[in-house]
Amino acid sequence: MRIDLCALTEDLLPLYADDLLSPATRLLLEQHAQACPTCRARLREAAAPQPPPAPPEESRLEQPARAFFGRLQRILFAGLSAVVALLVVTGSLSYVLGRRTTADQKRIPARVSSAEEVAGRAIPGWERAVAHGLVVDVGVTERIPRTDATLTVEKAWYSGQQVYVLYTVSTPHNEYWIPIEAFLRNESADRILRHGGTNWSHLATWGGLSPEGFHSVLIFNPIEPEPDLHHLELVLRQWLRVDPKSGPQSTGAGATFWEDLRIRLPWDESYLTEPAPEVIPWPQQHTWLGRTLALDSLEVGIGQARLTGVITLPEGERDPVLTAALVIGGQELTGGWQATEPTEEPGRYRFTITYDGPNQWPAPVELRLQGITFLTDQALEWPVNWAKYRERTSSRDGEMDPEDQVSLPFYDSELVARFATDSGIGIEQRTPRREPPYVQSALRMGGRLPLETAEPGEPPALGPGFEIENDAREVMTNLGGAAGPDDIRANEVRTRVWAMWWNELPESFRQSERLIVRYVEPSAFLVLDETWTLSAGQ
């Protein structure tokens, strides 16, 4: 069974924002977000709000707890309860039976020789940055509030991709701490420049321990040049205790606390200067089922690597997103942030994908193509005999009678309106198992939300998504969404997607005899399984 990580990410966003997830769950979401632009944006947005003054611990816990239990019904309804239960049960059994799971083992700090070793493991391109003089020595030490421990900012690297801050926590009592919430201010402390924290997908384990102390890394989005800025202020706010034998301690008395630690960092615009990247032509292209990917070049710098090219789609398809892993010297690079712009020629889109910089260069290059997602100009409609199902509570299974299950073909998938309860309508996506290339449905959850690209003074445009229409031809777009795990069978894969209104269905819709469930601009995914190579000397 494959977990729908997009659904899991959406439902756990409140807990992610307040850092109430277990380390294993948080790591799971962040690793998924590296390959999913939508979930990466969700996690960034959840982590980015302006931090308010820290209230007492109890009040900070009450609000996320209420949000959690308010969403628990959605998690259960979407089939995610099995996921949560699995995480809890496996974690509990591992300690009961005296064995640690792989996730538990990764929480234990690695034994290292120095902070530099942790940086080399955690930060792509670190050794190359050191060799080119891009890493800044900081060496500022401050005591962590409420403790006998001190935190030393060892070094910082202001790369074109991200800001990396290497730090060491030293303590006389073997009680180490990691900062969970962090941000950078300008020197007058009147504006937050960047929010950040430790991106655990960069670390093989939760930091490292040496005779000098506990070492780890804070990661921020890049700092833009700013005139007359000579210092930055690093603010560390939420603290989590680290046990050398078992890793971060998220529960228990005194395991966490909130208090600011402010550290002044040196800053100069010259820190942003990197050697020009090496540009390697990569004139390779292929066409699958009428859709073409053509690469232009690969730019390899120290802080980042950028892949450029063009995707061409047939009429009725638009806004492509390439999903591909870039591997240089055997290292799969994280990142994968993509910018896509249409060209003047219809159906052609120029893209740039930015990855972290490689640890080795020159080195062999692989591009592992997973597929291309795109939107369509279609609208799919499923009529629902609502008078028959509107009193059916969501606690039931909710499957419609066979004669009411409307099936629509969509590329190589079949979309069946199969479930109906008083809380929403469930569409089942069925895709026969086959060898790539092929095109499958890629329905997304949720209602049609206003796009930020609406013209000033104009009504907001509505993006892709579900909507419902009643007998009076009224349309409701502000729907929620949920998805269950994939049901992998011998000959096909089934995924359940729900268009949800919960308790917010207007009476005019609730009393309607019939509803039309409509998915506007549905998305699809060209499934690929290919690896393109670029030799080191090419």
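See above for the structure.
Since the structure is predicted, the reported quantities are computational estimates derived from the model, not experimental observations. (Residues numbered from 1 in each chain as written. Predicted model: local features only at pLDDT ≥ 70, side-chain atom pairs only at ≥ 80, totals over all residues. Heavy atoms only, no water.)

Student: Would you explain helix 8 (residues 115-122) in this entry?
Tutor: Every α-helix winds through 3.6 residues per turn, so residues three or four apart in the chain are directed the same way. All of the buried residues along helix 8 are A115, V118, A119 and A122. Each buried residue of helix 8 sits inside an arc of 100° when the element is viewed along its axis, so together they form one side. Residues of helix 8 that are buried make contact with helix 9 (126-131), strand 3 (150-158), strand 4 (163-170), strand 8 (208-210) and strand 9 (213-220). (Buried < 20%, exposed > 50% of the residue type's maximum accessible area, 1.4 Å probe, protein only. Helix = DSSP H or I, 4+ residues; strand = E, 2+ residues; numbered from the N terminus. Arc of directions from axis to C-beta. Contact = heavy atoms within 4.5 Å.)

Student: What should I look at first to understand the side chain of D486 in this one?
Tutor: Mapped onto the fold, D486 is located in the loop between strand 29 (480-483) and strand 30 (487-488). Side chain to side chain, D486 and T495 meet in a polar contact 2.5 Å long. (Polar contact = N/O pair within 3.5 Å; in protein donor to acceptor, adjacent residues only side chain to side chain.)

Student: Just checking my understanding: could you explain the pairing of strand 7 (residues 192-197) for this structure?
Tutor: Looking down a regular strand, the side chains alternate between one sheet face and the other. Relative to strand 7, strand 6 (residues 182-186) runs antiparallel, the two being bridged by four bridges. From the neighbouring strand, F183 faces strand 7, where its bridge partner is H195. Here two bridges tie strand 7 to strand 9, and the two strands are oriented antiparallel to one another. Of the residues in strand 9, the one forming a bridge with G196 is F220. (Pairing = 2+ DSSP bridges.)

Student: Got a minute to help me understand a negative patch on the surface in this structure?
Tutor: Taken together, E187, D228, D268 and E269 make up a surface patch of like negative charges. Position of E187 among the secondary structure elements: in the loop between strand 6 and strand 7. (Patch = residues over 30% accessible without salt bridge, like charges linked within 9 Å, V, L, I, M, F, W, Y side chains within 5 Å. Areas by Shrake-Rupley, 256 points an atom, 1.4 Å probe, with all protein chains shown as cover. Salt bridge = Lys/Arg side-chain N within 4 Å of Asp/Glu carboxyl O. Lys, Arg positive; Asp, Glu negative; His and termini not counted. Charge placed at Lys NZ, Arg CZ, Asp CG, Glu CD.)

Student: Teacher, can you tell me more about the nonpolar core here?
Tutor: Nonpolar side chains in soluble globular proteins tend to end up buried together. Of all hydrophobic cores here, the largest spans 61 residues; its most connected members are L367, W382 and F466. Within the second largest apolar cluster, 38 residues are counted, among which are V138, L229, L236 and L265. (Core = buried A, V, L, I, M, F, W, Y, C linked by side-chain atoms within 4.5 Å.)

Student: Looking at this structure, I do not really get the packing of aromatic side chains. What am I missing?
Tutor: To describe a pair of aromatic rings, you give the distance between the ring centres and the angle between the ring planes. Applying the stated criterion to the full structure yields 12 aromatic pairs. On the numbers, 6.3 Å between centres and 15° between planes, the contact of W239 with F257 is stacked. Pair noted here: W239 is in strand 10 (residues 231-243) and F257 is in strand 12 (residues 256-266), with a separation of 18 residues, a long-range link. No difference in accessibility class separates W239 from F257, as the two residues are buried. (Phe/Tyr/Trp six-rings, centres within 6.5 Å; stacked < 30°, edge-to-face > 60°.)

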